[in-house]
Amino acid sequence: LLWTMSISTSAPSEDYSANVSLQLIDVEGVCVLLSALQCDVLLPAILRDGITGRDLPFLEDDDLKAMGLELPVRRRRLLAEIAVLAEEGVPPEYVPGGPAADSPSARACGRVPTPPNSLSPPPLAARAATLRSPARSP
C-alpha cells in the first residue's frame, strides 16, 4: 500500500512569494489543508477545538493521536508537512477564497453550501455543531 501525503510540490529553487503564511490560515482553511493531506479524521477535533494555522506548528505526536490519527507514520508525515508549510507558507490553492474555495474538501468543512441536489452528506461543520451541543433529555 503506497500512501502519499503532501501538498507541497515545490523544488528547492521555487519562489514561495505567492504562498500565504500558515499563521494566517483560519479553522476552515486548516480543514481544507487536512482534507488535502488525507487527514479527514482530524476535522471534528479541529472544528471542536478551533485550531488555526497558528496552532498547527505546536501540535505534537500525542496531540494528533488524541485527535484520532492512529498510525504513527501518518502522524510523523503530517508533522513533517506542517513544518514545511510553516517554513514555506501555504500554496494559494489551499487558502480560503483561493482557487480551491469551492472544492469538495471546502464543502466538507462547511465553507461553501453543498448544492441542494447533491447526494453528499451535510457539511462537517453542521455535524460537528451537533457534537458540541449538549445532549437534550426528552
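Just above, that's the structure.
Residues numbered from 1 in each chain as written. Predicted model: local features only at pLDDT ≥ 70, side-chain atom pairs only at ≥ 80, totals over all residues. Heavy atoms only, no water.

Engineer: Just to check I follow, could you spell out the overall build of the chain for this structure?
Structural biologist: When helices and strands are tallied, the chain shows six helices and zero strands. Along the chain, helices and strands appear, N-terminal first, in the series α-α-α-α-α-α. Across the 138 residues of the chain, 36% fall into the buried class. Across the chain, contacts joining residues at least 24 apart in sequence account for 62% of those joining residues at least 6 apart. Surface summary for the chain: the accessible area is close to 8,200 Å², and the carbon and sulfur share equals 57%. (Helix = DSSP H or I, 4+ residues; strand = E, 2+ residues; numbered from the N terminus. Buried < 20%, exposed > 50% of the residue type's maximum accessible area, 1.4 Å probe, protein only. Contact = heavy atoms within 4.5 Å. Areas by Shrake-Rupley, 256 points an atom, 1.4 Å probe, with all protein chains shown as cover.)

Engineer: Can you help me understand the environment of C31 in this one?
Structural biologist: Looking at where C31 falls in the secondary structure, it is placed in helix 1 (residues 27-36). Put simply, C31 and T52 are 21 residues apart on the chain and 9.1 Å apart in space, counted from C-alpha to C-alpha.

Engineer: It is not clear to me how the nonpolar core should be interpreted in this structure. Could you clarify?
Structural biologist: Nonpolar side chains in soluble globular proteins generally cluster together in the buried interior. In terms of nonpolar packing, the biggest core is built from 27 residues, with L22, L34, L42, I46, M67, L78 and V90 touching the most fellow members. Apart from the residues within four sequence positions on either side, L42 is in contact with L34, L64, M67, G68, L69 and L78. (Core = buried A, V, L, I, M, F, W, Y, C linked by side-chain atoms within 4.5 Å.)

Engineer: Explain helix 1 to me, please; I cannot follow it from the model alone.
Structural biologist: The α-helix advances 3.6 residues per turn, and as a result positions three or four apart in sequence lie on the same side. The element helix 1 is extensively covered by neighbouring structure, given that eight of its ten residues are classed as buried. Regarding helix 1, the residues found buried are V27, G29, V30, C31, V32, L33, L34 and S35. Between the side-chain oxygen at the start of helix 1 and the backbone nitrogen of E28 there is a gap of 3.3 Å, and the oxygen is on D26. Q38 lies just past helix 1 and shows a positive phi near 60°. (Polar contact = N/O pair within 3.5 Å; in protein donor to acceptor, adjacent residues only side chain to side chain.)

Engineer: Looking at this structure, I do not really get the pattern of salt bridges. What am I missing?
Structural biologist: Should their charged atoms come close, side chains of opposite charge can pair. Within the structure shown, the criterion is met by two salt bridges. Notably, a salt bridge pairs R48 with D49, separated by 3.1 Å at the nearest N-O pair. Of the residues examined, D49 reaches a relative accessible area of 45% and is grouped as partly exposed. Between R75 and D61 there is a salt bridge whose closest N-O contact spans 2.8 Å. Of this pair, R75 sits in helix 4 (residues 72-88) while D61 sits in helix 3 (residues 61-66), and the two are 14 residues apart along the sequence. On the basis of relative accessibility, which here comes to 28%, the residue D61 falls in the partly exposed class. (Salt bridge = Lys/Arg side-chain N within 4 Å of Asp/Glu carboxyl O.)

Engineer: Got a minute to help me understand unusual backbone geometry in this structure?
Structural biologist: As a rule of thumb, non-glycine residues mostly have phi less than zero, and peptide bonds are mostly trans rather than cis. The phi torsion at Q38 lies on the positive side, around 60°, for a residue other than glycine. With respect to the helices, strands and loops of the structure, Q38 is situated in the loop between helix 1 and helix 2 (43-49).

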